[in-house]
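What follows is the residue order along each chain.
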Amino acid sequence: MQAQPVQVPSRDDIFIKQLYYAGLGDKLNENYDRALLNFSKVVAIDPVNSAAYYEIGLLNYRLEKMIAAETAIKKAVAIDKNNIWYWKLLAELYKRTGNMNELILVFDRLIALSPDEQSFYFDRSNALLLAGKKEDALAGYNLIEKKFGPSTALDQARQRVMENQSGPIAAGQSGPADPVTQAAVYSAKKDFPAAVKILDNIAAAHQEDPLYLSLYGDILYQTGDLPASLVYYKKTLKLTDQLYGVWEKTLHIHLQLGRFKEMLPYGEAALAVYPNQAILYYYMAFASHRENLNGQALSYIKAAIQMDGDNKSLQALIFALQAEILIDEHKPAAADVAFDKALALDPENFQLMNNYAYYLALRNENLTKAGLLISTAAKALPSDDSIADTYAFVLFKQGKYDLARIWIEKALANNGANNSVYLEHYGDILFFLGEQDKAVLQWQKSITSGNASALIKRKIDEKKYFK
């Protein structure tokens, strides 16, 4: 499930904003109880703040408090009936609890909000089947064919309906459904061992069923076995190109595993079928950039920017990636413009602030702005080692060596003890504090941790700092 774009609370009140953003910071730090407290204070003051209700719902969902989650999400959608992110979270909740009748109504709304999103139609028909409404499910699949055209996935889905005996299926129980449907019910309730047991028993007869293969891939994906899930997703895509979610997860896994060159043909194939999905262009830009195909990457960025403007968090990621590419292309002014656009879209993206501040410090430009950015990020995420290192680096560039030492030592203490970059920065700071021997020791540790640059060897040989 994609992240809901960060929204400024509905009333322009300083105290409400402080509570809201404090809640976001707590959520990022996984302090869910404190985050819930802050968001609850927001809705107590501002009872029509849909964004805060959404966050309360999301946090309760993560904490497995489904009744509280449903109550909060319903309040969010009642206040803002056109926010697709609220409806998506409600859909996830009903999938999780197995409430197929309510799930059908949610997908009705999602289809109304996004009538060209094919996956909503498939999910709605699947929910109808799970609810025992076989004729309605078939009608749903017929609508998909009329709107999007025929596909292997549709043929398989219709076959599953014909094999399915009528009657609703209780969530988490095996009923008179076909085995793949039973496995899907268990998977929706995150009872993965039960789902896998069913799927393994019917494996021999379903190797040409894309819904079977994609479901097995989903289970492996959710349990963290990315290489194995990728195998199943690739098998699925050989049989059908009409399962959008499989395309997106296939590309995402390639990125997670760093298989950028291998990913590019899959991205091109996905875009041939789904040319209006901004996230696919983002993935392709990311992979192209990692393969040093920056011209190609910028073309994908341009395409991504032109669509899906309502998804502010995704647009922020796109502009942030554009900034990194422009830096590689030695266009710092244009990169700064892209960074500023990204932050305007997602003002609470602290990792984005971190990256922007680091690049400014690396160029030794606009250090005041870099300091404001990184201090904001550090206040929100004080235990993040990367942010602490960037804060130290900015302070070092500003000549504030005592403060820089405090933050670099925080970075090293927070899972960064063997980070070669942090160690080099520590040595640089110690050198300017007049502790030359300690500086050389940290530079040597940096080499031991993998730093093979000629510059640091020169620092050690001459016992002197060099830019």
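Conventions we followed
- Residues numbered from 1 in each chain as written.
- Predicted model: local features only at pLDDT ≥ 70, side-chain atom pairs only at ≥ 80, totals over all residues.
- Heavy atoms only, no water.
- Helix = DSSP H or I, 4+ residues; strand = E, 2+ residues; numbered from the N terminus.
- Buried < 20%, exposed > 50% of the residue type's maximum accessible area, 1.4 Å probe, protein only.
- Phe/Tyr/Trp six-rings, centres within 6.5 Å; stacked < 30°, edge-to-face > 60°.
- Lys NZ or Arg CZ within 6 Å of the ring centre and 35° of its normal.
- Salt bridge = Lys/Arg side-chain N within 4 Å of Asp/Glu carboxyl O.

> Where do I start with unusual backbone geometry in this structure?
Residues other than glycine predominantly adopt negative phi, and peptide bonds predominantly adopt the trans conformation. The phi angle at Asn-364 is positive, at roughly 60°, despite the residue not being glycine. Locating Asn-364 in the fold gives a position in the loop between α20 (350-363) and α21 (367-380). For Asn-364, a relative accessible area of 40% translates into the label partly exposed. At Lys-463, a residue that is not glycine, the phi angle is positive and equals roughly 50°.

> I tried to follow the packing of aromatic side chains on my own but got confused; where do I start?
The description of two aromatic rings rests on the distance between their centres and on the angle between their planes. Enumeration over the complete set of coordinates arrives at 22 aromatic pairs. Seen in terms of ring centroids, Tyr-282 and Phe-286 are 6.3 Å apart; in terms of plane orientation they differ by 55°. Their pairing is tilted. Of this pair, Tyr-282 and Phe-286 both sit in helix α16 (residues 278-290), separated by 4 residues, roughly a single helical turn. Taken together, the ring pairs in this structure connect Phe-396, Tyr-401, Phe-431, Phe-432, Trp-443 and Tyr-465 into an aromatic cluster. Cation over ring: Arg-290 sits above Phe-286, and NZ or CZ is 4.3 Å from the ring centre.

> Teacher, can you tell me more about the pattern of salt bridges here?
It is possible for side chains of opposite charge to pair when their charged atoms get near one another. Overall, the coordinates contain 17 salt bridges when judged by the stated rule. Put simply, Lys-147 and Asp-116 hold a salt bridge, and the shortest N to O gap is 3.7 Å. Here the residue Lys-147 occupies a position in helix α8 (residues 134-148), and Asp-116 occupies one in the loop between α6 (100-113) and α7 (118-130), the gap between them amounting to 31 residues. Judged by its relative accessible area of 39%, Lys-147 falls in the partly exposed class. Arg-259 is the salt-bridge partner of Glu-262, the closest N and O atoms lying 3.9 Å from each other. Each of Arg-405, Glu-409, Glu-435 and Lys-438 takes part in salt bridges that share partners, so that together they form one network.

In short, the description is geometric, and any link to function would need to be established separately.
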